[in-house]
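Single-letter residue listing:
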Amino acid sequence: MTTTTPQPSIAPDGPAVETMIEIVELTKKFPGHPQPAVDRLSLSVGRGEIVVLVGPSGCGKTTSMELVNRLIEPTSGHIILDGEDVTNGNPDELRRRIGYVIQETGLLPHRTIAQNIATVPKLVGWDKGRISERVDELLGMMGMDSDSYRSRYPKELSGGQRQRVGVARAMAADPPVMLMDEPFGAIDPITRERLQNEFLRLQQQIQKTIIFVTHDIDEAIKMGDRIAVLRDQSHIAQFDTPENILTNPADDYVADFIGAGASLKRLNLSRIRDLEVTADAPIGSLDDEPAELQRRLGASDWSAMLLLDAQRRPSRWATMSDLRRGGDLSRVGLGARAVVEPHATLADALNELITSNGGCAIVVGADGAYQGIVDLETIMAAVRSMREQHSAFYLAQKTITAVGHDDLQDGGR
């Protein structure tokens, strides 16, 4: 295998980062087909970056990803992984360095969850104690209690739980690179949104280099640090940040693929953690005296108060009438259902807010403890800020272009 020096890539916010994956003129021609399925695809993925391949069905995005870990052998071109040309080396050794997650998870039905997760560590020779510890660690990362799940079989889990196990299995031997082929595509929309958010939270910890395939532009905008919009044969129409693709589509093809509502799609660009969440909502504990809760609510401008349990997790919304009726506070009012975590997007918050009992989304930490409130006014303020930033950027670009044009004219005199 040839070793090359990793070249810098451009990170989402501009500075150079070390390239982890370099795809150079990658081509795949299948026998009997006049046109290549993938035609001279070239792109780079920085270390710790999520690059999303997005495009219509049949454009070659899944084939492109399968070429990277050589489930399909390329006709020509090169795959460089962490500075090493792995195009012609041992494919099994390559795949042990790359985690792979597919839509249907591919879990072995006759093996337990623990055995499924342990597949690659066992192949590379980990001892039983280390494997067992890794299984417990990964199930914990996925929010699944090890004692409850490690001895179950895939058929005993929900679709969302199977998908979590699929991600855990891909991460088992701690590969630096993960390939994810529509990993959340076969799940209901609510579970899909939750898994997307959980994975983005997890990525903040694990910082894997990821190539992610989807046909859904909204998912691409939400998940990707950079997005490659593909035409047929995996020709790149635009490879850029989600922000630039939404605000400056390269051509009509990209604009049509984005579709209507680009402004709404921008809600997937901002996270709750970037906002100033409202902290002045009246809150109380299920253990507080009703008279004290009434006093606190009466001193606020709110019509309802958020009641928290002993772990400060949101429990109920209670009005003054609810509090005056007394009784078991864990049964009064309406359940606090619209809950988001800091890594959720503004689109997630807006969706939760629309279905909320309290007219707002409740922000909680990873442990479920209350952090604050996001209301419609907060979201609208963020949208206005994004619009103003885009206008300033567009004006700056026009100024740079105009200055450059004037310089060319001056130089030509």
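### A look at the overall build of the protein
Stage number 1. A tally of regular secondary structure across the protein gives 16 helices and 19 strands.
Stage number 2. When the 413 residues of the protein are sorted by exposure, 48% land in the buried category.
Stage number 3. Counting only contacts in the protein whose residues sit at least 6 apart along the sequence, the fraction spanning at least 24 positions is 61%.
Stage number 4. Looking at the protein as shown, the accessible area adds up to about 20,200 Å², and 49% of this sits on carbon and sulfur atoms.

### Here's the deal with the sheet that holds strand β11 (residues 226-230)
Stage number 1. Pairing within the open sheet is mixed, and its 6 strands lie in the order β8-β9-β10-β5-β11-β12. Each edge of the sheet is formed by a strand with only one pairing partner; in this case those strands are β8 (98-102) and β12 (236-240). Direction aside, the axes of adjacent strands within the sheet are offset by 15° on average.
Stage number 2. Two strands pair when backbone bridges link them, and strand β5 (residues 50-54) and strand β10 (residues 209-214) are joined in this way by 5 bridges, in the parallel orientation. Residue pairing across strands places Val 54 opposite Thr 214, the latter belonging to β10.
Stage number 3. Against the sheet, helix α7 (residues 159-171) makes contact with β8 and β9 (177-181), and its axis sits at roughly 165° relative to β8, the strand it touches most.

### What to know about the packing of aromatic side chains
Stage number 1. The full count for this structure, using the stated rule, is 2 aromatic pairs.
Stage number 2. Arranged with centres 6.2 Å apart and planes meeting at 50°, the rings of Phe 184 and Phe 212 form a pair that is tilted. Of the two residues, Phe 184 sits in the loop between β9 and α8 (189-206) while Phe 212 sits in strand β10, which places them 28 residues apart along the sequence. The pair formed by Phe 184 and Phe 212 is uniform in burial state, with each residue classed as buried.

### So, the sheet that holds strand β16 (residues 334-335)
Stage number 1. Spatially, the 4 strands line up as an open sheet ordered β13-β14-β15-β16, and their pairing is mixed. At either end of the open sheet lies a strand with only one pairing partner, and these are β13 (283-285) and β16.
Stage number 2. Here strand β14 (residues 304-308) runs beside strand β15 (residues 314-319); their pairing, made up of 5 bridges, is antiparallel. Looking at β15, one finds that Leu 306 is bridged to Trp 317.
Stage number 3. Strand contacts of helix α13 (residues 290-298): β13, β14 and β15, with the helix running at about 135° to β14, the strand carrying the most contacts.

### Brief notes about unusual backbone geometry
Stage number 1. Even without glycine at this site, Gln 233 takes up a positive phi of about 65°.
Stage number 2. Relative to the assigned elements, Gln 233 resides in the loop between β11 and β12.
Stage number 3. Of note, Ser 234 is a non-glycine position whose phi angle comes to about 60°, a positive value.
Stage number 4. Summarising the element assignment, Ser 234 is placed in the loop between β11 and β12.

### Some details on the packing of α7 against α8
Stage number 1. Where α7 contacts α8, the two axes come as close as 11 Å, and the packing angle between them is 25°. Here α7 is positioned roughly parallel relative to α8, judged by the angle of their axes. Of the two possible hands of crossing, α7 and α8 adopt the one that is right-handed. Side by side, α7 and α8 meet where Gly 160, Gln 163, Arg 164, Val 167 and Met 171 of the first sit next to Thr 191, Leu 195, Glu 198, Phe 199, Leu 202 and Ile 206 of the second.
Stage number 2. Split into classes, the residues belonging to the contact of α7 with α8 amount to 6 nonpolar, 3 polar and 2 charged.

### A closer look at the side chain of Thr 112
Stage number 1. Mapped onto the elements of the fold, Thr 112 is located in the loop between β8 and α3 (113-117).
Stage number 2. Setting aside anything within four residues of it in sequence, one finds Thr 112 in contact with Arg 150, Ser 151, Arg 152 and Tyr 153.

### Overview of the pairing of β12
The side chains of a regular strand alternate, residue by residue, between the two faces of the sheet.
Stage number 1. As paired strands, β11 and β12 are joined by 4 bridges and run antiparallel to one another. Counted as the bridge partner of Ile 227 is Asp 240 from β12.
Stage number 2. Hairpin connection, β11 to β12: the antiparallel pair is bridged by 5 residues, and Gln 233 has positive phi, about 65°.

### Some points on empty space enclosed by the protein
Stage number 1. Within the structure shown, the criterion is met by 3 cavities of 30 Å³ or more.
Stage number 2. Here the largest cavity is characterised by a volume of approximately 110 Å³.
Stage number 3. Lining of the largest cavity is provided by Met 141, Met 142, Gln 163, Arg 164, Val 167, Phe 184, Leu 195, Glu 198, Phe 199, Arg 201 and Leu 202.
Stage number 4. Looking at the lining of the largest cavity, the elements with two or more residues in it are α7 and α8.
Stage number 5. Among the elements that make up the lining of the largest cavity, the one with the highest residue count is α8 (5 residues).
Stage number 6. The residue makeup of the lining of the largest cavity, split by class, is 7 nonpolar, 1 polar and 3 charged.

Calculation notes
- Residues numbered from 1 in each chain as written.
- Predicted model: local features only at pLDDT ≥ 70, side-chain atom pairs only at ≥ 80, totals over all residues.
- Heavy atoms only, no water.
- Helix = DSSP H or I, 4+ residues; strand = E, 2+ residues; numbered from the N terminus.
- Buried < 20%, exposed > 50% of the residue type's maximum accessible area, 1.4 Å probe, protein only.
- Contact = heavy atoms within 4.5 Å.
- Areas by Shrake-Rupley, 256 points an atom, 1.4 Å probe, with all protein chains shown as cover.
- Pairing = 2+ DSSP bridges.
- Axes fitted to C-alpha atoms, helices over the stretch in contact; angles between N-to-C directions.
- Phe/Tyr/Trp six-rings, centres within 6.5 Å; stacked < 30°, edge-to-face > 60°.
- Parallel < 35°, antiparallel > 145°, perpendicular 65-115°, else oblique.
- Left-handed = near helix turned anticlockwise from the far one by under 90°.
- Nonpolar A, V, L, I, M, F, W, Y, C, P; charged D, E, K, R; others polar.
- 1 Å grid on protein atoms, 1.4 Å probe; cavity = no way out; pocket = protein on both sides within 12 Å on 5 of 7 lines; lining within 4 Å.
- Points joined across faces, edges and corners; volume = space filled by probe spheres on them.

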